[in-house]
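Chain by chain, the residues run as shown.
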Amino acid sequence: MNKPIRRVSIFCLVLILALMVRVNWVQGVQASAWASNPHNERTKYDRYAYPRGNIIVGGQPVTKSDFVNGLRYKYKRSWVDGPMYAPVTGYSSQVFDASQLEKLEDDVLSGTDSRLFFRNTLDMLTGKTRQGGDVVTTIDPKVQKAGFEGLGNRKGAAVAIDPRTGAILALVSTPSYDPGTFAGGSDADSAAWTALKSDPNQPMLNRALRQTYPPGSTFKLVTAATAFETGKFKDPNDETQTPETYILPGTSTPLVNDSPDEPCTDATLAAAMALSCNTVFGKIGAELGGDAVRAQAEKFGFNNDKVDVPIRAAASYYPSGSSPDGTAMDAIGQHDTRATPLEMAMVAAAIANNGSLMQPYLVAQEGAPGHAISTHSEHQMSQAVSPATAQKLQQLMEGVVKNGTGQRANIPGVTVGGKTGTAQHGQDNAGKPFAWFVSYAKDSSGKQVAVAVVVEDGAAQSSEISGGSLAAPIAKSMMQAALGK
Amino acid sequence: MSTFDVSGGRTPAARRRRAADRPAADTVPNRRNTELLMLAFALAVPILGYANVGLAMDGTLPANILAYGLGLAVLAGAAHLAVRRFAPYADPLLLPLATLLNGLGLVMLWRLDKAGKLLRNNFPATTNQLMWSGLGIALFIGVMWLLKDHRILQRYTYISMVVALVLLAAPAFFPSREEDFGAKIWIRFGSFSIQPGEFAKIILTIFFSGFLMVKKDALALASRKFMGLYLPRGRDLGPIVVVWLLSILILVFETDLGTSFLFFGLFVVMLYVATERTSWIVFGLLMSFGGAALVATKEHHVKTRINAWLDPMAAFGPHPPKQSSEQIGQTLMSLGSGGTVGTGLGQGRSWLIQFAAKSDFILGSFGEELGLAGLMAIFLVYGLVVQRGLRTALAARDPFGKLLAVGLSSAFALQVFVVAGGVTGLIPLTGMTMPFLAQGGSSVVANWALIAVLMKISDTARRPAAEPAAEPAPAIPEPAGPDRFGPPGHGAPGQSRGASS
């Protein structure tokens with residue numbers, strides 16, 4: 001019976017071979033798919049198995065990894081000035097996942113990025129403790145602090161950009177939260193998480209990037225840009241033919257200015273910008289038409305849902321197909337127009353940078369200084385307006401600060417241009433208006449900064465709220481911090 | 001011993017030739033020193049593994065590493081000495097291979113013990129397992145010592161049948177626990193439990209071997225040819241149908257897919273070897289597929305297992321199917337996370353498998369911490385055990401020994417395939433333990449007995465003829481039939497029917 005025994009022997013070999021092929025399939029071919037399966041909790045534990053890389057601001061880490069030696073997690077994330085930097089870093093929690101840079105740069109921070117393989121292997125061979133890679137941001141701590149302290153207890157956001165490069169110097173959102181309160185997995189962490197999630201003030205909302213507001217009068221910059229670019233006006237001192245009372249087209253409703261005694265009738269563009277005449281820009285917008293203004297707005301970054309810094313910003317919105325009266329309102333930043341603080345900072349930055357809009361970015365470099373695995377290369381996002389138009393717009397904005405609504409942003413010895421905005425919102429404009437200030441500053445050495453500030457609930461009385469009084473001082477201190485004045 | 005060379009219908013000339021081929025006693029290498037050397041390797045690997053776990057998890061060598069190493073060495077050494085004394089010509093690889101697997105299992109159990117609270121219901125298992133391993137090796141030595149010749153087992157053919165049936169039927173009368181997922185494969189007395197299926201595996205093989213040795217000619221020759229297949233006569237078919245029904249009954253009453261598959265597969269293999277008729281395989285496959293299909297449609301338990309095999313990640317979804325378990329999905333993620341070389345002992349997170357992480361699913365831990373490389377090595381070791389067993393079957397000189405060796409080896413192979421295939425998602429999961437590696441006293445004790453019997457057969461097979469000249473040459477072949485069940489009378493020529501006639 002040896003022949004059948006030999007066959008049985010082959011059969012048994014086939015069984016063992018089948019097992020071998022199977023484990024080669026699972027552990028070889030499919031290995032990475034199983035390892036990164038969303039239900040595989042190892043990724044969660046791996047993130048805290050050894051010190052996580054740090055997020056660097058101004059050469060200093062604003063994050064730490066604390067050795068807690070827990071049952072499942074060896075390390076826990078903590079933050080320096082957590083609330084101030086939360087809109088930049090996001091959170092990284094043992095049980096509540098991660099957000100923003102902590103999430104987007106997780107591969108680098110937790111050291112699993114393939115580009116860190118060589119370094120990790122070297123560390124393993126030399127017996128160094130394993131450590132994630134660092135992420136270097138463009139944030140300037142002084143500007144960030146000025147914005148954060150300027151907003152204080154008020155609800156709002158502030159963004160500062162270097163117009164020449166697109167580097168984001170400040171990204172502030174208030175009220176903020178301390179990501180350290182729920183970085184662990186204890187009951188206290190859960191309670192903190194639940195409280196933050198149910199807070200009506202939405203402290204975990206990154207208002208600078210993820211919240212859109214009606215931009216109000218700050219949008220008049222875009223309308224003016226359209227007017228110059230389309231050739232409707234040639235010069236800031238061209239007179240506009242504006243009636244004393246402008247009736248919204250197709251309706252009997254008059255468009256009113258902030259105060260009835262402002263000299264907006266037939267005002268020049270420069271004067272109308274300095275005084276923020278609704279009638280002038282409403283009429284220009286209606287005459288240019290929604291399509292022309294939208295085309296210009298899109299060059300500044302509106303209607304783009306892929307503005308990644310790398311945190312994805314919410315898409316700012318300029319509508320299409322508005323009725324003629326709606327178009328007039330769209331053109332002064334009301335009605336359906338919506339913008340993020342980042343978007344309005346980009347408008348100011350493009351104007352300051354002679355019409356060239358640089359791609360905004362937050363991450364200068366991945367990997368520790370001297371061990372970079374990638375560095376950001378600056379590039380233009382679009383040529384928003386021609387250099388000539390940009391200079392005319394600069395003239396308009398500088399007028400606003402010199403002798404208009406934005407005088408509180410004036411910094412002696414520095415060229416400052418700005419635009420205020422007081423945006424109505426809510427049913428029948430019942431909500432407290434949003435106070436905006438969009439500006440740029442250039443000093444003689446060529447340093448530049450563009451800023452957008454929005455304050456949601458600046459004062460108890462609606463009548464006391466204006467961009468010039470509430471938002472301009474914050475913008476000013478941020479610009480001063482950026483230029484070192 | 002050659003005086004009792006039950007070589008069926010072979011010609012005396014052939015027998016003489018075979019006898020002449022056998023070298024004299026003093027020239028046959030008994031390979032005991034090879035075994036000792038291999039045993040040293042088989043001990044070194046788990047001891048280093050033990051040290052590795054301690055270094056990885058505590059940063060220091062385990063305090064009792066010396067005691068552990070010595071304990072293992074004493075056990076393996078005792079087994080080796082028993083082999084030297086009672087089975088000097090036994091296969092030299094089986095003992096080291098079994099020792100290696102047993103040692104690795106202990107290392108992994110200790111590592112999982114150290115996972116502490118991370119593993120639910122994590123009661124320390126290593127000490128118990130070490131005790132059971134000791135008991136297993138004691139049984140191994142007992143078999144070496146007391147079983148003078150494996151053919152003695154032939155006497156117990158029908159007693160074996162009764163014992164095996166009782167063992168198989170018993171768990172059906174004991175309540176199954178919640179965490180057994182419906183499988184009734186244990187006999188429990190308080191906290192003490194045994195898995196009779198593990199012992200039944202060996203005892204049934206003894207019965208099959210004895211039964212088939214008698215019946216093989218009737219089964220092989222008295223058959224009608226139909227469509228190219230030899231069909232057995234109705235009365236010969238009887239026992240086969242009985243075994244088939246029995247395995248279906250196990251499946252229905254104990255919801256134990258694995259044992260059922262194992263016994264039916266074992267029977268078909270042995271039937272094929274005994275009769276050399278391929279038609280039995282076709283027959284067996286038809287019957288097992290028929291039975292499986294029948295039960296699968298009726299038994300919810302089996303359906304659940306099959307669904308879990310088809311979609312292992314369903315249990316993780318927002319609406320997991322009823323009675324579904326994360327085990328297979330967790331094991332696959334364990335294996336995938338281990339990758340090619342694994343995380344290293346003590347550095348994986350295979351405790352995520354949770355339920356049965358130390359028993360049925362222990363392979364997941366090996367896969368994660370030793371990687372693909374480790375699993376391939378483990379399968380290779382299992383493959384070697386099986387192949388040494390089948391080699392023994394080839395070398396055995398008596399049909400009973402051949403059948404017994406084939407049966408035990410293929411049962412071992414089938415069990416490895418059923419368990420490992422189940423946990424790696426190759427086939428639907430069935431509740432069985434990985435021989436030697438997994439936690440479980442019955443399993444480790446029974447498998448040591450299995451190795452002992454295989455080694456005993458190989459000892460008889462390789463042992464040189466005492467004195468070829470002394471062999472009386474019987475002129476007529478031995479008659480078939482019950483007479484052959486007489487005492488084998490090792491080395492006592494007068495007792496052999498063939499010799500005395």
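Here the structure is a predicted model, which means the values were calculated and not measured. Each chain carries its own residue numbering, running from 1 in the written order of its sequence. Here every chain gets a letter starting at A, and every ligand a number starting at 1, in the order they are written. This being a predicted model, a pLDDT of at least 70 is required before a residue's local features are given, and a value of 80 or more before pairs of side-chain atoms are given or counted; all residues contribute to the totals for chains, interfaces and linings.

All names here are of chain A. In this scheme every C-beta is placed from the backbone, and a residue whose C-beta has 20 or more other C-beta atoms within 10 Å is buried, one with 12 or fewer is exposed, and one in between is partly exposed. Counting from the N terminus, the helices are DSSP H or I runs at least four residues long and the strands are E runs at least two residues long. Among the nine residues of strand β15 (residues 434-442), nine are classified as buried, and the element is accordingly described as predominantly covered. Burial along β15 is two-sided: the face carrying Phe-434, Trp-436, Val-438, Tyr-440 and Lys-442 and the face carrying Ala-435, Phe-437, Ser-439 and Ala-441 are both buried. For two strands to pair, DSSP has to find at least two bridges joining them. Direction of pairing for strand β14 (residues 415-423) relative to β15: antiparallel, over a ladder of nine bridges. Pairing of Gly-418 across the sheet is with Ser-439, part of β15. Two successive antiparallel strands, β15 and strand β16 (residues 448-455), enclose a turn made up of five residues, where Gly-446 displays a positive phi of approximately 100 degrees.

Any pair of residues counts as being in contact when their C-beta atoms, constructed from backbone geometry, are within 7 Å of one another. Contacts between the two partners involve 33 residues from chain A, matched on the other side by 43 residues from chain B. Elements with a contribution of two residues or more to the side of chain A that touches chain B: α1 (2-29), α2 (31-35) and α3 (42-47) of chain A. Looking at the side of chain A that touches chain B, the element that brings in the most residues is α1(A), giving 19 residues.

Residues and elements named next belong to chain A. A cis amide bond links Thr-174 with the next residue in sequence, Pro-175, at an omega value of -10 degrees. Inspection of the secondary structure assignment puts Pro-175 in the loop between β7 (168-174) and α9 (187-198). Put simply, Val-309 and Pro-310 share a cis peptide bond, and its omega is 10 degrees. With respect to the helices, strands and loops of the structure, Pro-310 is situated in the loop between α14 (290-299) and α15 (324-330).

What follows covers the sheet that holds β16(A). Residues and elements named next belong to chain A. With antiparallel pairing, the five strands of this open sheet are ordered in space as β7-β6-β16-β15-β14. For this open sheet the edge positions go to β7 and β14, each flanked by a neighbour on one side alone. Adjacent strand axes in the sheet meet at a mean angle of 5 degrees, parallel and antiparallel pairs treated alike. By the bridge criterion, eight bridges tie β15 to β16 in an arrangement that is antiparallel. To obtain each axis, a line is fitted to C-alpha atoms, and for helices this fit is confined to the stretch in contact; angles are then taken between N-to-C directions over 0 to 180 degrees.

The strands that make up a sheet pair up through hydrogen bonds in the backbone, lying either parallel or antiparallel. Residue and element names in this part refer to chain A. Pairing is mixed across the open sheet formed by five strands, whose spatial order is β2-β1-β5-β11-β12. Both outer strands of the open sheet, β2 (60-61) and β12 (374-375), are each paired with one neighbouring strand and no more. With two bridges joining them, strand β11 (residues 363-366) and β12 adopt antiparallel strand pairing. Bridging from a neighbouring strand, Gln-365 pairs with Thr-375 of β12.

Detailed reading of predicted coordinates is not advised where the pLDDT is low. Residue and element names in this part refer to chain B. When the pLDDT values of chain B are averaged, the result is 81; 80% of them are 70 or greater. By mean pLDDT, helix α16 (residues 497-500) is the weakest element of chain B at 36, and helix α13 (residues 362-395) is the strongest at 95. Residue-level confidence of the predictor is summarised by pLDDT, bounded by 0 at the bottom and 100 at the top. Of the regions scoring below 50 in pLDDT, residues 1-11 engages in 27 contacts with residues more than four places distant in sequence or in other chains. The ipTM for the predicted assembly is 0.86, set against a pTM of 0.75.

Turning next to the packing of helix α4 (residues 94-113) of chain B against α13(B). Residues and elements named next belong to chain B. The geometry of α4 relative to α13 is characterised by a closest axis approach of 10 Å and an angle of 160 degrees between their N-to-C directions. By the criterion of interaxial angle, the relationship of α4 to α13 is roughly antiparallel. With respect to the hand of their crossing, α4 and α13 are arranged in left-handed fashion. When α4 is examined against α13, the residues Leu-94, Leu-97, Ala-98, Leu-100, Leu-101, Met-108 and Leu-112 are found in contact with a partner set consisting of Ile-362, Ser-365, Phe-366, Val-381, Leu-384, Val-385 and Arg-388. Classes in brief: Ala, Val, Leu, Ile, Met, Phe, Trp, Tyr, Cys and Pro nonpolar; Asp, Glu, Lys and Arg charged; the others, Gly included, polar. Class assignment for the residues of the contact of α4 with α13 results in twelve nonpolar, one polar and one charged. Should an angle fall under 35 degrees it is taken as roughly parallel, and over 145 as roughly antiparallel, whereas 65 to 115 is taken as roughly perpendicular and any remaining angle as oblique. Should the near helix be turned anticlockwise from the far one by less than a right angle, the crossing is termed left-handed; should it be turned clockwise, right-handed.

Glancing now at the environment of Trp280(B). Residue and element names in this part refer to chain B. By the secondary structure assignment, Trp-280 is in helix α10 (residues 279-298). Between the C-alpha atom of Trp-280 and that of Val-53, which follows or precedes it by 227 residues, the distance is 49 Å. Once you skip the residues sitting within four places of it in the chain, Trp-280 turns out to touch Val-268, Leu-271, Tyr-272 and Thr-275.

Membership of the largest hydrophobic core comes to 146 residues, with the highest contact counts inside it found for Phe140(B), Met270(B), Val273(B), Val406(B), Ala449(B) and Val453(B). Ranked by residues supplied to this core, first place goes to helix α14 (residues 399-423) of chain B with 16 residues. For Val406(B), the contacting residues outside a window of four places in its chain are Ile5(A), Val8(A), Val269(B), Met270(B), Val273(B), Leu390(B) and Ala393(B). The term nonpolar core means buried Ala, Val, Leu, Ile, Met, Phe, Trp, Tyr and Cys residues held together as one set by C-beta atoms within 7 Å.

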